[in-house]
Amino acid sequence: MLSKAVQDAINEQIRNEIQSAYLYLSMSAHCEAKSLSGAAHWLRAQWEEELEHSMKLFKHVYDRGGRVTLQAIEKPPTDFSSLLGIFQQVLAHEQKVTALINNLYAIATKENDYASQIELQWFIKEQVEEEKNASEIIEMLKMSGESGPTLLMVDRQLGARAKG
Ligand code: MG
């Protein structure tokens, strides 16, 4: 059985993951409008991944006999700058999510909830990957510049991201 403190914190994180998904879908829509279809594809794959994260937590709550209560999702930003600016925003967002996951882990530790700690270890590792991916794309975009054929090459590479 989940303690109330852990259940509340996981419910909050379910919201955070869906909020992340919503941010990336909004970025994807922006990229489509700018004819950056590769980046739009990458961000849509990211939207799906964030929704999977939310469902992984959703399932954990039920597996432990808890109750999911969905929280309000905010309207995401709709105006974005350059592709480099977008991925800098992705990295900053993921760094924030890492802090939230770490905080959630600390709550599970305080509550002696070992099963939740194991579940959350997957998320801690996932955040290392998320920050690394965003950082690598930022480096590529810094090298390619803000426009021209080199930017299109990066966009094409982003478009090659496999789903899931
Ligand atoms: Mg996530």
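Owing to the predicted nature of the structure, the values given are computational and were not obtained by experimental measurement.

Conventions we followed
- Residues numbered from 1 in each chain as written.
- Predicted model: local features only at pLDDT ≥ 70, side-chain atom pairs only at ≥ 80, totals over all residues.
- Heavy atoms only, no water.
- Donors = N, O, S within 2.8 Å, 3.2 Å for Na, K, Ca; no water.
- Helix = DSSP H or I, 4+ residues; strand = E, 2+ residues; numbered from the N terminus.
- Buried < 20%, exposed > 50% of the residue type's maximum accessible area, 1.4 Å probe, protein only.
- Salt bridge = Lys/Arg side-chain N within 4 Å of Asp/Glu carboxyl O.

### A closer look at the coordination of the magnesium ion
- In the first shell of the magnesium ion, the protein supplies Glu17 (OE), Glu50 (OE) and His53 (ND1), at 2.1 to 2.2 Å from the metal.
- Each donor residue of the magnesium ion belongs to the same chain, and together they define the spacing E-x32-E-x2-H. In this pair, glutamate 17 is assigned in helix 1 (residues 4–33) and glutamate 50 in helix 2 (residues 37–63), connecting sequence segments 33 residues apart. Each member of the pair, glutamate 17 as well as glutamate 50, carries the same accessibility label: buried.

### Observations regarding the pattern of salt bridges
- Counted according to the given criterion, the structure contains ten salt bridges.
- As a salt-bridge pair, arginine 15 and glutamate 12 come within 3.4 Å of each other at their nearest N and O atoms. Pair noted here: arginine 15 and glutamate 12 are both in helix 1, with a separation of three residues, about one helical turn.
- Looking at arginine 15, the relative accessible area reads 15%, which means it is buried.
- Take glutamate 12: its relative accessible area is 35%, and that puts it in the partly exposed class.
- Aspartate 63 serves as the salt-bridge partner of lysine 59, at 2.9 Å between the closest nitrogen and oxygen. Residue lysine 59 and its partner aspartate 63 are both found in helix 2; the two are separated by four residues, about one turn of the helix.

### Observations concerning unusual backbone geometry
- Phi at serine 35 is positive, roughly 60°, even though this residue is not glycine.
- Topologically, serine 35 is positioned in the loop between helix 1 and helix 2.
- You will see that asparagine 112, though not glycine, has its phi angle at about 55°, which is positive.
- Positionally, asparagine 112 belongs in the loop between helix 3 (83–110) and helix 4 (114–144).
- For asparagine 112, a relative accessible area of 51% puts it in the exposed group.

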